[in-house]
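Below, each chain spelled out in residue letters.
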Amino acid sequence: MFKLDFSNTTSHNSVDTLKTESVNALEKLLNKTCEGKEFTGWIDLPKNYDREEFERIKKCAKKIRETSDCLVVIGIGGSYLGAKAIDYAMSSYFEKSDIEIIYAGFQLSSTYLSELLDYLKGKDFCVNVISKSGTTTEPAIAFRFIKELMEEKYTKEELKDRIFATTDKHKGALKELSDINGYETFVVPDDIGGRFSVLTSVGLLPLCVKGLDIDKLMMGAENAMEEFTKLDYESNFALQYASFRNNMYRNGKDIEILVNYEMRLKYFSEWFKQLFAESEGKNNKGLFPMICNFTTDLHSVGQMIQDGQKNVFETVISVENPQKDLFIKSDDDNLDNLNYLSGKSVDYVNKMAMQGTLNAHLSSNVESIVVKIDTINEENLGYMIYFFEMSVAISALVLGVNPFNQPGVEEYKKQMFKLLEKPGY
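Per chain, the residues get numbers from 1 upward, laid out in the order the sequence is written. Local features are withheld for residues below a pLDDT of 70 in this predicted model, meaning they are given only at 70 or higher, and side-chain atom pairs are given and counted only at 80 or more; totals for whole chains, interfaces and linings count all residues. Think of the side-chain values as coming from all heavy atoms in the structure, minus any hydrogens and water.

A.B. asks: Report on the domain arrangement of the protein chain, specifying residues and quantitative values.
C.D. replies: What fixes the domain bounds is an automatic or database domain assignment. By the assigned domains, the protein chain splits into domain 1 (3-33 + 217-399) and domain 2 (45-212). Taking the mean C-alpha position of each, domain 1 and domain 2 sit 30 Å from one another. Residue contacts follow a heavy-atom distance rule, with two residues in contact if any of their heavy atoms lie within 4.5 Å. With 29 residues of domain 1 at the interface, the matching set in domain 2 holds 26 residues. For any pair of parts, buried area is found by adding up, for both, the accessible area (1.4 Å probe) each one loses once the two are put together. The contact between domain 1 and domain 2 buries some 2,500 Å² in all, and 69% of this surface belongs to carbon and sulfur atoms.

A.B. asks: How would you sum up unusual backbone geometry? Please name residues and give values.
C.D. replies: Generally, phi is negative for residues other than glycine and the peptide bonds are trans, each holding for most cases. Cis geometry marks the peptide bond from Phe294 to Thr295; its omega dihedral reads 10 degrees. The topology assignment puts Thr295 in the loop between strand 8 (288-293) and helix 13 (301-307). Phi angles above zero are rare outside glycine, and Asn337 is one such case at about 55 degrees. Secondary structure is summarised from DSSP: a helix means a run of H or I of at least four residues, a strand means a run of E of at least two, and numbering begins at the N terminus for each. Structurally, Asn337 is set in the loop between strand 9 (312-319) and helix 14 (346-363). Exposed residues in this analysis have more than 50% of their type's maximum accessible area, buried residues have under 20%, and partly exposed residues fall in between, with area computed by a 1.4 Å probe over protein chains only. Residue Asn337 is classed as exposed on the basis of its relative accessible area of 55%. If you check the backbone angles, Glu421 has positive phi at about 60 degrees while not being a glycine.

A.B. asks: Describe the UniProt feature "active site" (unreviewed entry) in the protein chain, listing the residues and the values that go with them.
C.D. replies: UniProt positions are given in the numbering used here, feature names are shortened, and annotations may be inferred rather than shown by experiment. UniProt feature "active site" (unreviewed entry): in the numbering of this structure it lies at Glu278 and Lys413. Lining the largest pocket, out of the annotated residues just given, are Glu278 and Lys413. Note on Glu278: relative accessible area 22%, which makes it partly exposed. Setting aside chain neighbours within four positions, we find Glu278 in contact with Arg195, Asn405, Gln406 and Val409. Counted as a polar contact is a pair of N or O atoms within 3.5 Å, where, for protein atoms, one must be capable of donating a hydrogen and the other of accepting one, and residues adjacent in sequence contribute only when both atoms are in side chains. At a separation of 3.1 Å, a polar atom in the side chain of Glu278 contacts the side chain of Arg195. Both site types are read off a 1 Å grid over the protein atoms alone. A 1.4 Å probe that fits but cannot get out defines a cavity, while an open set with protein on both sides within 12 Å along at least five of seven lines defines a pocket; lining residues have an atom within 4 Å of a point.

A.B. asks: Pulling in residues and values, what's your account of the sheet that holds strand 5 (residues 163-167)?
C.D. replies: Note on pairing: DSSP must find at least two bridges between two strands before they are called paired. Strand order in the open sheet formed by 5 strands is 3-2-4-5-6, and the pairing between neighbours is parallel. The open sheet is flanked by strand 3 (100-104) and strand 6 (184-187), the only strands paired with a single partner. With direction set aside, neighbouring strand axes in the sheet form an average angle of 20 degrees. Direction of pairing for strand 4 (residues 125-130) relative to strand 5: parallel, over a ladder of 4 bridges. Bridging from a neighbouring strand, Asn128 pairs with Phe164 of strand 5. Axis geometry follows a simple rule: fit a line to the C-alpha atoms, using only the stretch in contact for helices, then measure angles between N-to-C directions, giving values from 0 to 180 degrees.

A.B. asks: Explain the side chain of Arg162 residue by residue, including any values.
C.D. replies: In this structure, Arg162 sits in the loop between helix 7 (156-159) and strand 5. His is not counted, nor are the chain ends; Lys and Arg add positive charge and Asp and Glu add negative charge. One side-chain nitrogen of Lys or Arg within 4 Å of one carboxyl oxygen of Asp or Glu is enough to make a salt bridge. Put simply, Arg162 is tucked away with no salt bridge, and the nearest opposite charge, on Asp124, sits 4.2 Å away. Of note is the side chain of Arg162, whose polar atom sits 3.3 Å from the backbone oxygen of Thr67.

A.B. asks: Quick one: what's the story with the nonpolar core, residue by residue and with numbers?
C.D. replies: Among buried residues, the Ala, Val, Leu, Ile, Met, Phe, Trp, Tyr and Cys ones that are joined through side-chain atoms within 4.5 Å form a nonpolar core. The biggest cluster of nonpolar side chains holds 89 residues, and the ones touching the most others in it are Phe268, Trp271, Phe388, Met390 and Ile394. If you tally residues by element for this core, the top one is helix 15 (residues 378-399), at 13 residues. A domain split of this core shows at least three residues from each of domain 1 (3-33 + 217-399) and domain 2 (45-212). The next biggest cluster of nonpolar side chains, apart from the first, holds 23 residues, and it includes Leu120, Ile146, Met150 and Leu174.

A.B. asks: Account for the pattern of salt bridges, with residues named and values stated.
C.D. replies: Summed over the entire model, instances satisfying the criterion amount to 26 salt bridges. Note that Glu184 is salt-bridged to Arg56, the shortest N-O span being 2.9 Å. You can see Glu184 sitting in strand 6 and its partner Arg56 sitting in helix 3 (residues 51-67), a full 128 residues away along the chain. The class for Glu184 is partly exposed, based on a relative accessible area of 22%. Note that Asp190 and Lys132 form a salt bridge whose closest N and O atoms lie 2.6 Å from each other. You can see Asp190 sitting in the loop between strand 6 and helix 9 (201-210) and its partner Lys132 sitting in the loop between strand 4 and helix 6 (137-153), a full 58 residues away along the chain. Taken together, the shared-partner salt bridges in this structure form one network comprising Lys132, Asp168, Lys171 and Asp190.

A.B. asks: Give a detailed account of helix 1 (residues 16-31), specifying residues and quantitative values.
C.D. replies: Spacing of three or four residues puts side chains on the same side of an α-helix, whose turn is 3.6 residues. Multiply 1.5 Å by the residue count of a helix minus one, and that product is the helix's expected span. Taking 1.5 Å per residue as the helical rise, helix 1 with its 16 residues ought to reach 22 Å, and the 23 Å between its terminal C-alpha atoms agrees with that figure. Here the buried face of helix 1 lies against helix 10 (214-228), helix 11 (237-250) and helix 15. Of the residues flanking the end of helix 1, it is Lys32, one or two places downstream, whose phi is positive at about 55 degrees.

A.B. asks: So, the packing of helix 11 against helix 15: which residues are in play, and what are the values?
C.D. replies: Between helix 11 and helix 15, the least distance of the axes is 8 Å, while the angle of their chain directions is 45 degrees. Regarding the angle of helix 11 to helix 15, the classification is oblique. Considering only the axes of helix 11 and helix 15, their crossing is right-handed. Listed contacts from helix 15 to Phe237, Ala238, Leu239, Tyr241, Ala242, Arg245, Asn246, Tyr249 and Arg250 of helix 11 are Phe387, Phe388, Met390, Ser391, Ile394, Ser395, Val398 and Leu399. When residue character is reported, Ala, Val, Leu, Ile, Met, Phe, Trp, Tyr, Cys and Pro are called nonpolar, Asp, Glu, Lys and Arg charged, and the others, Gly included, polar. Here the residues of the contact of helix 11 with helix 15 sort into 12 nonpolar, 3 polar and 2 charged. Working definition: roughly parallel below 35 degrees, roughly antiparallel above 145 degrees, roughly perpendicular at 65 to 115 degrees, and oblique for all remaining angles. Left-handed is the label given to a crossing in which the near helix is rotated counterclockwise from the far helix by less than a right angle, and right-handed is the label when the rotation is clockwise.

A.B. asks: Report on the sheet that holds strand 1 (residues 2-5), specifying residues and quantitative values.
C.D. replies: Read from one edge to the other, the open sheet built from 5 strands follows the order 1-10-9-7-8, with strand pairing classed as mixed. The open sheet has two edge strands with one neighbour each: strand 1 and strand 8. The average angle at which neighbouring strand axes cross in this sheet is 20 degrees, direction not considered. Sheet topology places strand 7 (residues 255-260) next to strand 9; 6 bridges connect them, and they run parallel. Opposite Leu258, over in strand 9, you have Thr315 as the bridge partner. Along the sheet, helix 12 (residues 266-280) makes contact with strand 7, strand 8 and strand 9, crossing strand 8 at roughly 175 degrees.

Here it is in structure tokens:
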């Protein structure tokens, strides 16, 4: 089950112009006549992915699980966030998995990298290094150190079964290194940008190693593709969401808060943040994406949302059926004054907190659109991934920016390389 609930908004019906603009944007995406058309391979990916590579991913994942305590995934941005989002959403909070997935190369903390190297010395591990070029600073530094450790632990022949590269099909430093050393490689498609790449080998290999059902993940995305490539506005939630967001923006609501009430979606929110920020934040335009974990953040950021500036709206993800639940019992002493909740479940309390918050925020002119899914599983996560990818592509085109580039990201790199005295800068 997937549904958008507009009952906590007051303006969703005032989007007549935006309906036409959104449908036109989708039509351009489907016909590949939009700006950035060379990066629209994700649109039909759920149907047209490389089946041969898909099976290689499964075989490789089986080999890693049989030989290793953990897999180190080295990548930054879209090269790790999608996998991390689904991994975390599908993991138990406390039970140890059969194999540990460790993420590296997504920041430059010397302490993190040093402690990771010490931790890995006592482990049998494999590495999946993910980089289109092989020269992105953060993952390249991490891979250099981890490869050095691996060369101390394993022979050259053993490394061929322990280092896996997800990179360009034909060129680049990582592709060249892999060819020289005989590392197995997987492809980052030329027509799919990093933040749209979770349903490619970029995300699928780590998730398959974790033991998740990648067939169901792709099935969910394919189901979403069937729904969200329709040009009928009334039946297409991606068109409706894109229109709602742009309507908010045109009415001075320039901050979107993605809210979840289930902490397993914490890194899904982080994935959303990158997807929407890099896709829309251009030409001095764009909604600023903020993420909140409720009810936790209601005791902090909730004050600002309720009584602060009214330049925000919320997109709330509601998981209708939790994977587990508890019922509150009556207590004879009732010192905590909770007996009024006896017989009710913790999830019910959570749902009432959500609805109470929606009511309170709407009374304070903060509108909220609710994205409802029945439960957290691979199929629903694949569906939601495609929904948000399509929504942001439509929304960015309506906004008047290219959804698929990120020119501003390069500026900090230029300044950093200049300070580091990199040749050419």
